[in-house]
Amino acid sequence: MTDLPPQAPKGEFILFQSNDGTAKVECRFELDTLWLSQAMMCDLYGKAKATISEHISNVLSEGELDENSVVRFYRTTAADGKPYNVKHFSLPMVIAVGYRVRSARGTQFRKWATQTLQEYLVKGFVMDDERLKNPPVGDSAVPDYFDEMLERIRDIRASERRVYLRVKEIFTMAADYEPSSKDTNRFFQSIQNKLHFASTNMTAAELIAARVDAKKPDMGLTCFKGDEGRKTDVTIAKNYLKEDEIKTLNRIVVMWLDYAEDQALRRKQVLLNDWHQKLDQFLEFNERDVLQGSGSLTKKEADEKAKHSYDQFSQNRRQLKEAEGALANINALNAIAKKKL
């Protein structure tokens, strides 16, 4: 007996216009996915079956989407009460057709897409405020990604560059702040060490020196830009943290930044040197280990070790790639020789 396709999901893709005249789109998923039949797309965009079919064919023939990933058969009960196997299309296909179809609904979709893309390009993010303010309740089919959003925001706020800029802004409100002073850089390093120690019981320098290893995959890095680690990645302590350590560090950093910002905005007269004591008090209140002193290793020493290890690792990686390339060439030549035989 042949297995029947599953019942079609009940997801919806809704175009509408808000009270302010702005085009809006709402996706109602089932099991974090959405599949529409061709008939549903006809209703959505207000076009005939032949038009939608032509756009689908063009999307696939031009290689914009892979048919295997966007097309699926589902069992659908028709008006006559009989079940039929009907071809359905995933959300990427629904969107691709929306960019091509010429109709009032297609124009509405493109307006929304343009507004959304423009906001993303200018601001670096897009948020559905109403959806986030009103999460699903009970067995709603709309998934809630609020916790994921918070985790990603924490990770962004805890990045070294972002923390440095925020600390610098907070310090400008200190009573004895001097723009030309090196205190900001020194204290930022002190903050880094105390926050890393509260998360891992190691300073940033100790963390780098303990975990960098030219013999390990990716030198012990757990995070880096691009496809492979670079020299600029190996001197950043956060790049060696495990997932649970990153989450711990992110939470501590975000809480401390909120506390420090609140102190500054309330115009509390805080001197730069007072921040050392305030950070220690903050960590103690949150029952975190407080670093005493500056650690057993300087940042310069850790960076030198990391860069030396990177040079070894980079040389080994280059030799491995050259060997792999030579083997590929040999295999190619052998294949050509066999054809000639």
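The present account deals with the structure reproduced in this document. If you're wondering where the values come from, they're calculated on a predicted model, not measured in any experiment. (Residues numbered from 1 in each chain as written. Predicted model: local features only at pLDDT ≥ 70, side-chain atom pairs only at ≥ 80, totals over all residues. Heavy atoms only, no water.)

## Examining a nonpolar patch on the surface
We apply this condition: Residues with no salt bridge and a relative accessible area higher than 30% make up the patches, which join like charges within 9 Å and nonpolar side chains (Val, Leu, Ile, Met, Phe, Trp, Tyr) within 5 Å. With residues, only the protein chains shown are counted as cover, and all accessible areas are computed by Shrake-Rupley using a 1.4 Å probe. When a carboxyl oxygen of Asp or Glu lies within 4 Å of a side-chain nitrogen of Lys or Arg, that pair is called a salt bridge. In DSSP terms, a helix is any run of H or I states spanning at least four residues, a strand is any run of E spanning at least two, and both are numbered starting from the N terminus.
Residues Leu117, Tyr120, Leu121, Val122 and Val126 make up a contiguous nonpolar surface patch of about 520 Å² in total accessible area. Residue position: tyrosine 120 is located in helix α5 (residues 104–123).

## Digging into the sheet that holds strand β3 (residues 35–37)
Keep this limit in mind: Here the rule is simple: two strands pair whenever DSSP picks up at least two bridges between them. For helices, the fitted axis covers only the stretch in contact; all axes are lines through C-alpha atoms, and the angles between them, taken along N-to-C directions, range from 0 to 180 degrees. Two residues qualify as a contact provided that any one of their heavy atoms is within 4.5 Å of a heavy atom in the partner residue.
On the basis of which strands lie adjacent, the open sheet formed by three strands has the order β3-β5-β4 and antiparallel pairing. Edge positions in the open sheet fall to β3 and β4 (71–77), since each of these has one partner strand only. Between one strand axis and the next, the sheet turns through 50° on average, direction left out of account. Direction of pairing for β3 relative to strand β5 (residues 83–90): antiparallel, over a ladder of three bridges. For serine 37, the partnering residue across the bridge sits in β5 and is histidine 88. Where helix α1 (residues 38–45) meets the sheet, its contacts fall on β3 and β5, and the angle it forms with β3 comes to roughly 90°.

## Focus on the packing of aromatic side chains
Let me state the cut-off plainly: Ring geometry is summarised as follows: Phe, Tyr and Trp rings, the Trp one being its six-membered ring, pair when their centres sit within 6.5 Å, and such pairs are stacked at plane angles under 30 degrees, edge-to-face over 60 and tilted between the two. Burial classes follow relative accessibility: with a 1.4 Å probe on protein chains only, a residue under 20% of its type's maximum area counts as buried, one over 50% as exposed, and anything between as partly exposed.
With the rule as written, the count across this model stands at six aromatic pairs. With a centroid separation of 5.9 Å and 40° between ring planes, the pair formed by phenylalanine 109 and tryptophan 112 is classed as tilted. A residue pair is termed a helical-turn pair when its members lie 3 or 4 positions apart in one helix, as phenylalanine 109 and tryptophan 112 do in helix α5 at three residues. In this structure tryptophan 112 comes out as partly exposed when scored by relative accessible area, which is 25%. Centre to centre, the rings of tyrosine 259 and phenylalanine 282 are 5.8 Å apart; their planes meet at 20°, and the pair counts as stacked. Residue tyrosine 259 is found in helix α11 (residues 243–265), and its partner phenylalanine 282 is found in helix α12 (residues 274–285); the two are separated by 23 residues along the sequence. Through successive ring pairs, a cluster of aromatic residues spans Phe13, Tyr45, Tyr99, Phe109 and Trp112.

## As for the packing of α1 against helix α4 (residues 91–100)
In plain terms, the rule: Convention used here: angles under 35 degrees read as roughly parallel, angles over 145 as roughly antiparallel, angles from 65 to 115 as roughly perpendicular, and any remaining angle as oblique. Working rule for handedness: look at the near helix, and if it is turned counterclockwise from the far one by less than a right angle, call the crossing left-handed; if clockwise, right-handed. Gly falls in the polar group here, along with every residue not listed as nonpolar (Ala, Val, Leu, Ile, Met, Phe, Trp, Tyr, Cys, Pro) or charged (Asp, Glu, Lys, Arg).
For the pair α1 and α4, the least separation of the axes is 11 Å and the interaxial angle reads 40°. When the interaxial angle is binned, α1 and α4 end up oblique. You can see that α1 and α4 cross each other, and the crossing is right-handed. The segment α1 lies against α4, with Met41, Leu44 and Tyr45 engaging Met93, Val94, Val97 and Gly98. Tallied by class, the residues present in the contact of α1 with α4 amount to six nonpolar, one polar and no charged.

## Section: the nonpolar core
Note the cut-off: The set of buried Ala, Val, Leu, Ile, Met, Phe, Trp, Tyr and Cys residues whose side-chain atoms join them within 4.5 Å is what this entry labels a nonpolar core.
If you look at the biggest cluster of nonpolar residues, it comprises 40 residues, and the most contacted ones within it are Leu195, Trp256 and Leu283. Of all the elements in the fold, those that place two or more residues in this core are α8 (160–171), α9 (183–200), α10 (204–211), α11, α12 and α13 (299–340). In terms of residue count, α11 provides more of this core than any other element does, eight residues in total. Beyond its immediate sequence surroundings of up to four residues, leucine 195 is in contact with Leu249, Ile252, Val253, Leu279 and Leu283.

## Considering the side chain of threonine 200
Stated precisely, the cut-off is as follows: Distance and chemistry together define a polar contact, namely a pair of N or O atoms within 3.5 Å, with one atom able to donate a hydrogen and the other to accept it when in protein, and with adjacent residues in sequence counting only for side-chain atoms on both sides.
Note on placement: threonine 200 falls in helix α9. Assessed through its relative accessible area of 13%, threonine 200 is described here as buried. One polar contact links the side chain of threonine 200 to the main-chain amide nitrogen of methionine 202, over a distance of 3.2 Å. Setting aside residues no more than four positions away along its own chain, threonine 200 makes contact with Leu207, Leu241 and Glu245.

## A closer look at the pairing of β4
Pairing of β4 with β5, which is carried by seven bridges, proceeds in the antiparallel orientation. Of the residues in β5, the one forming a bridge with threonine 76 is tyrosine 84. Taking the residues between adjacent antiparallel strands as the criterion, β4 and β5 are bridged by five residues, where glycine 81 takes a positive phi near 85°.

## Comments concerning the environment of leucine 91
The residue leucine 91 is located in helix α4 in this model. Through-space distance from the C-alpha of leucine 91 to that of glycine 11 is 9.9 Å; in sequence the pair is 80 residues apart. Each residue touching leucine 91, except ones within four places of it in the same chain, is listed here: Phe13, Cys27, Phe29 and Leu34.

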